[in-house]
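Here is what each chain is made of, one letter per residue.
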Amino acid sequence: MSLRAILLGFLGVLGVCGFSFFNDRILMQTYLVGNNMPVSVYGTLIIFVVLINPLLRRYKFRAGELALALSITLASCCLPGSGLLRTFTSSLLLPTHYQKLDASWREQQILDYVPQKMLPVVTPENEDYVLGGFVQGLGIGSDHVAISEVPWGAWVQPFVFWLPMLFCLWFALIALALVLHKQWATHEHIPYPIASFVDSFLPGPNGQAGSVLMTRLFWIGTVFVLAIHLNNYLCIWFPDELIPVKLRLDLWPFQRKFPMIARGGGGGLFGPTLYFTVIGLCFLIPSDISLTFAMAPWLWALVTGFLVGYGIDINQVVEGSYWYTGLKPRMFMLFGSNLGLFLAMAYTGRHYYWNVIRAAFGRKNKEADYLSIWGCRFFIVFTLIFVGQLVYAGLDWQLAVMYTAVLVIFYVVMSRIICESGLFHLQSNIFPCCIIWGFLGIANLGPRTLLIMQIISVVLVCDPRESLMPFMMNSLKLLDKHRQPMGKASLCAALALIVGLAVAVPLTLYMQYDRGSAIWETWAEQAVPKMQFDNAIAVKRKLIAQGMLESSEAVAGWGRFADISPHPLSMWCFFVGFVLVLLVSAARLRFTWWPLHPLLFVTWNTTHLTPFAGSFFIGWLAKTLVIKYGGNGVYGKVRPLMLGLIAGEILGAIVPSITAAIYYLITSEVPKAFRVLLG
């Protein structure tokens, strides 16, 4: 391992964790992380290998060194944005604020259900300072609040509770990634399109520029897309002098011709946006996957639209009140398909996984490598500690085990989707609290237990598009290819999480107390802090009306399973999703001609696939025509052009962010908002 590579990686950690909240919330530019293909990291990589590394001459960074630095930086990308800190502090403090505004919260005394160790310390003496300062801001005009004026002491209690839980979960996921890597990369040879894109830029053995940087078509694609985004960025500053390039197609009149699609929630499909990153990625993945993603949201809209015609709406909340964390049948169909894919993957690698487990418990086995064995051991240890922390939070151990199992299935399947398909912006929205709620019934949980599980879910997986495990899986692929020590790199990644959190948490809190509601967004400061409490109030009222509140609060342990009452429609959706994935997975294993890919059913109702569907279709069509009329030779020549499209869009996002930061530092004025990828 190279010391300078480690230092470069931790420099990236400081940059990502120190600048992301400022860029996302104050400058309002394209999110520096935003998804599992962060423009801040990959944009900086492109700039580094093109402009900086050649100037270092004999001290140029080698590919392995950059792969190591990337793995350290990427590990921290789950911290500063949607992965955690976009909503972490507001979800813990602002419920106290909304209880003062909402009479139903005060009537039901809903905050009394929450263990105080989870929340910041707010007393009548410090309320104006701790809560009022967070809401209104402590800075006055252009004068910023002093660091010493931020009420750090009020946050010690929740940090002591939440940070050990977060670290145990993250360390368990890093260990699990070490277990899965060999099976996925070596035995199954899945494509890893994001890692493949990154690898094309890494220097050669002697520090020479990556091969793709030497091709003319790459630069044509890069400059073309970069010029479009820079032109559109300048148009928001000079709207009377420049003409924007329209990237969204207006096909809304066709919506009237397909009422079933609109009825099924597919109205957005008639206004597709061109995402060059998606089009380029289609040349790095199998064509059946890109066609699957192009068709998936249309099929989902058709199915749901058909069911709505018969009075069955599986998109809507059937119990609870808030659409995001309420009980929705579509979530159970998604979980059923995730469980089916998880079991299919376990079956495919059953011999390898069984050998690793046996070796982890002391049975010698030549097929299990050293890293996988220790990864399995650490995964078991940290997972057991995590279960214990859930019990300490107030859950029965049975519920804690169920909760952890759902969480592990979710992260493994999400990582597999990204590593196999390159679907970098993935938000499955499978909340363990809702899955347990739907299987057991609210009468076997009670509002207090449900609320605790929902608070934990909001902190851990509220917006999982920036999750640690997919970052680690792609990093391990690069490290393995360039013969870097994956075990030591994983330890560095764990340390990066600690360092990143030590940087990001104080900076985030400081900016929130400095600016207050001036930097609020509807999602993070209004929706997220309220959703779990509104759901708890809704189910509490239902239990009161049924005369079951006291019995639901008295049940515990195995008693919760004595008289379970699963939600019927949710169970049917779960069964359908589970069976569909298993049948399609089995068909793909048995028949080489089988056209459908099981990823269809684990993505077709995810939140952000709809905006990408049009671009996936264009990418699939372009690749199909190239191969059909040009063959593999032409495909190989066109591939750098497609990599250029991806690079151009990444640079088109990062350059305006750099420009906006410079503008703010010079003028102290907030620049105009501009976003290239999904917000």
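These figures come from a predicted structure and were not determined experimentally.

## Let's talk about the overall build of the chain
On a plain count of helices and strands, the chain comes out with 25 helices and zero strands. Scaling as 2.2 N^0.38, a compact globule of 679 residues should have a C-alpha radius of gyration of about 26 Å, and the chain matches this with 25 Å. Oriented by its inertia axes, the alpha-carbon framework of the chain measures out at about 70 × 65 × 65 Å. Within the chain, the fraction of its 679 residues that count as buried is 59%. Contacts in the chain between residues far apart in sequence, at least 24 positions, make up 81% of those at least 6 positions apart. If you sum the accessible surface of the chain, you get close to 27400 Å²; carbon and sulfur atoms cover 66% of it. In the chain, 46 side chains carry a positive charge and 34 a negative one; their mean positions are 14 Å apart.

## Some details on unusual backbone geometry
With the exception of glycine, the majority of residues adopt a negative phi angle, and the majority of peptide bonds are in the trans configuration. The backbone of His-189 shows a phi angle near 55°, a positive value even though the residue is not glycine. Along the polypeptide, His-189 turns up in the loop between α7 (156–187) and α8 (193–199). Owing to a relative accessible area of 58%, His-189 belongs among the exposed residues under this scheme. Phi at Tyr-192 takes a positive value of approximately 50°, unusual for a residue other than glycine. Inspection of the secondary structure puts Tyr-192 in the loop between α7 and α8. With relative accessibility at 0%, the residue Tyr-192 sits in the buried group.

## Describing helix α13 (residues 329–348)
Residue pairs three or four apart in sequence face the same way in an α-helix, which turns once every 3.6 residues. Relative to the 28 Å expected for 20 residues at 1.5 Å per residue, α13 spans 29 Å between its end C-alpha atoms, a close match to the ideal helical length. Buried residues dominate α13, accounting for 14 of its 20 residues.

## Section: the nonpolar core
Ranked by internal contacts, the top residues of the largest apolar core, which has 228 residues, are Met-118, Trp-162, Trp-170, Trp-184, Ile-456, Leu-460 and Phe-616. The leading source of residues in this core is α7, at 22 residues. Aside from chain neighbours lying at most four places away, what touches Trp-162 is Phe-88, Leu-92, Met-118, Ile-455, Ile-456 and Val-459. One finds Leu-247, Phe-276, Phe-283 and Met-642 within the second-largest nonpolar core, a separate group that totals eleven residues.

## Regarding the packing of aromatic side chains
Tallied over the entire structure, the rule returns 45 aromatic pairs. With a centroid separation of 5.2 Å and an interplanar angle of 70°, the aromatic rings of Phe-22 and Tyr-664 are classed as edge-to-face. Taken together, the residues span a long stretch of sequence, with Phe-22 in helix α1 (residues 3–27) and Tyr-664 in helix α25 (residues 609–667) at a distance of 642 residues. When the ring centre of Trp-374 is taken as reference, the NZ or CZ atom of Arg-377 above it lies at 4.6 Å.

## Considering the side chain of Thr-508
Structurally, Thr-508 is set in helix α20 (residues 486–515). Setting aside anything within four residues of it in sequence, one finds Thr-508 in contact with Phe-21 and Leu-85.

## Observations regarding the packing of α1 against α20
The N-to-C vectors of α1 and α20 enclose an angle of 25°; their axes lie 9 Å apart at closest approach. One way to sum up the angle between α1 and α20 is to call them roughly parallel. Handedness of the crossing formed by α1 with α20: right-handed. On α20, the residues touching Ile-6, Phe-10, Val-13, Leu-14, Cys-17, Gly-18, Phe-21, Phe-22 and Ile-26 of α1 are Cys-492, Leu-495, Ala-496, Val-499, Gly-500, Val-503, Ala-504, Leu-507, Thr-508, Met-511, Gln-512 and Arg-515. Looking at the contact of α1 with α20 residue by residue, the class counts come to 16 nonpolar, four polar and one charged.

## Comments concerning the packing of helix α3 (residues 63–75) against α20
Direction vectors running N to C along α3 and α20 enclose 35°, while the axes themselves pass 8 Å from each other. Of the two elements, α3 crosses α20, and the hand of that crossing is right-handed. The residues of α20 that touch α3, namely those facing Leu-68, Ser-71, Ile-72 and Ala-75, are Ala-489, Cys-492, Ala-493, Ala-496 and Leu-497.

## Description of the pattern of salt bridges
The full count for this structure, using the stated rule, is 15 salt bridges. Ionic contacts of the salt-bridge type, sharing partners, join the residues Arg-25, Arg-86, Asp-463, Arg-465, Glu-521 and Glu-525 into one network.

## Focus: the environment of Ala-538
For Ala-538, the location among the structural elements is in helix α21 (residues 522–546). The spatial distance from the C-alpha of Ala-538 to the C-alpha of Gly-320 is 5.3 Å, given a sequence separation of 218 residues. Once you skip the residues sitting within four places of it in the chain, Ala-538 turns out to touch Gly-320 and Ser-321.

## Looking at the environment of Leu-609
Assignment of secondary structure puts Leu-609 in helix α25. Remark: the alpha-carbon pair of Leu-609 and Ala-294, spanning 315 residues in sequence, is separated by 8.6 Å. Not counting residues up to four positions away in its chain, the partners in contact with Leu-609 are Phe-293, Ala-296, Pro-297, Leu-423, Thr-603, Trp-604 and Phe-616.

## Quick look at a nonpolar patch on the surface
A grouping of Phe-617, Ile-618, Leu-621, Leu-625 and Tyr-629 is seen on the molecular surface, where their side chains present a nonpolar patch of about 490 Å² in accessible area. Turning to its location among the elements, Ile-618 is positioned in helix α25.

## Some remarks on helix α19 (residues 468–481)
Between its first and last C-alpha, α19 extends 20 Å over 14 residues, near the 20 Å set by a 1.5 Å rise per residue. Of all 14 residues in α19, eleven are buried; the element is thus mostly enclosed. Turning to α19, its buried residues number three or more, namely Leu-468, Met-469, Pro-470, Phe-471, Met-472, Met-473, Asn-474, Ser-475, Leu-476, Leu-478 and Leu-479. Against the buried residues of α19 lie α3, α7, α8, α16 (397–421) and α20. Looking one or two residues beyond α19, the residue adopting positive phi is Arg-483, at roughly 55°.

## Remarks on the state of the cysteines
Within this structure, the stated rule accounts for zero disulfides. Cysteine Cys-78 is unpaired, with the sulfur of Cys-77 as its nearest cysteine sulfur at 7.9 Å. Its sulfur unpaired, Cys-282 is 17 Å from the next cysteine sulfur, which belongs to Cys-419.

## Description of the side chain of Thr-222
By the secondary structure assignment, Thr-222 is in helix α9 (residues 216–237). Judged by its relative accessible area of 3%, Thr-222 falls in the buried class. A polar contact of 2.9 Å, which involves the side chain of Thr-222, links it to the backbone oxygen of Phe-218. Look past the residues within four positions of Thr-222 in its chain and what remains in contact with it is Gly-644, Leu-645, Ala-647, Gly-648 and Leu-651.

## Comments concerning the environment of Gly-268
Positionally, Gly-268 belongs in the loop between α10 (259–263) and α11 (276–281). A residue is classified by how much of its surface remains accessible, and Gly-268, at 37% relative accessible area, is partly exposed. Residues Gly-268 and Ala-393, spaced 125 residues apart in sequence, show a C-alpha to C-alpha distance of 40 Å.

Calculation criteria
Residues numbered from 1 in each chain as written. Predicted model: local features only at pLDDT ≥ 70, side-chain atom pairs only at ≥ 80, totals over all residues. Heavy atoms only, no water. Helix = DSSP H or I, 4+ residues; strand = E, 2+ residues; numbered from the N terminus. Rg over C-alpha atoms; globule rule 2.2 N^0.38 Å. Buried < 20%, exposed > 50% of the residue type's maximum accessible area, 1.4 Å probe, protein only. Contact = heavy atoms within 4.5 Å. Areas by Shrake-Rupley, 256 points an atom, 1.4 Å probe, with all protein chains shown as cover. Lys, Arg positive; Asp, Glu negative; His and termini not counted. Charge placed at Lys NZ, Arg CZ, Asp CG, Glu CD. Expected span 1.5 Å × (residues − 1). Core = buried A, V, L, I, M, F, W, Y, C linked by side-chain atoms within 4.5 Å. Phe/Tyr/Trp six-rings, centres within 6.5 Å; stacked < 30°, edge-to-face > 60°. Lys NZ or Arg CZ within 6 Å of the ring centre and 35° of its normal. Axes fitted to C-alpha atoms, helices over the stretch in contact; angles between N-to-C directions. Parallel < 35°, antiparallel > 145°, perpendicular 65-115°, else oblique. Left-handed = near helix turned anticlockwise from the far one by under 90°. Nonpolar A, V, L, I, M, F, W, Y, C, P; charged D, E, K, R; others polar. Salt bridge = Lys/Arg side-chain N within 4 Å of Asp/Glu carboxyl O. Patch = residues over 30% accessible without salt bridge, like charges linked within 9 Å, V, L, I, M, F, W, Y side chains within 5 Å. Disulfide = S-S within 2.5 Å. Polar contact = N/O pair within 3.5 Å; in protein donor to acceptor, adjacent residues only side chain to side chain.

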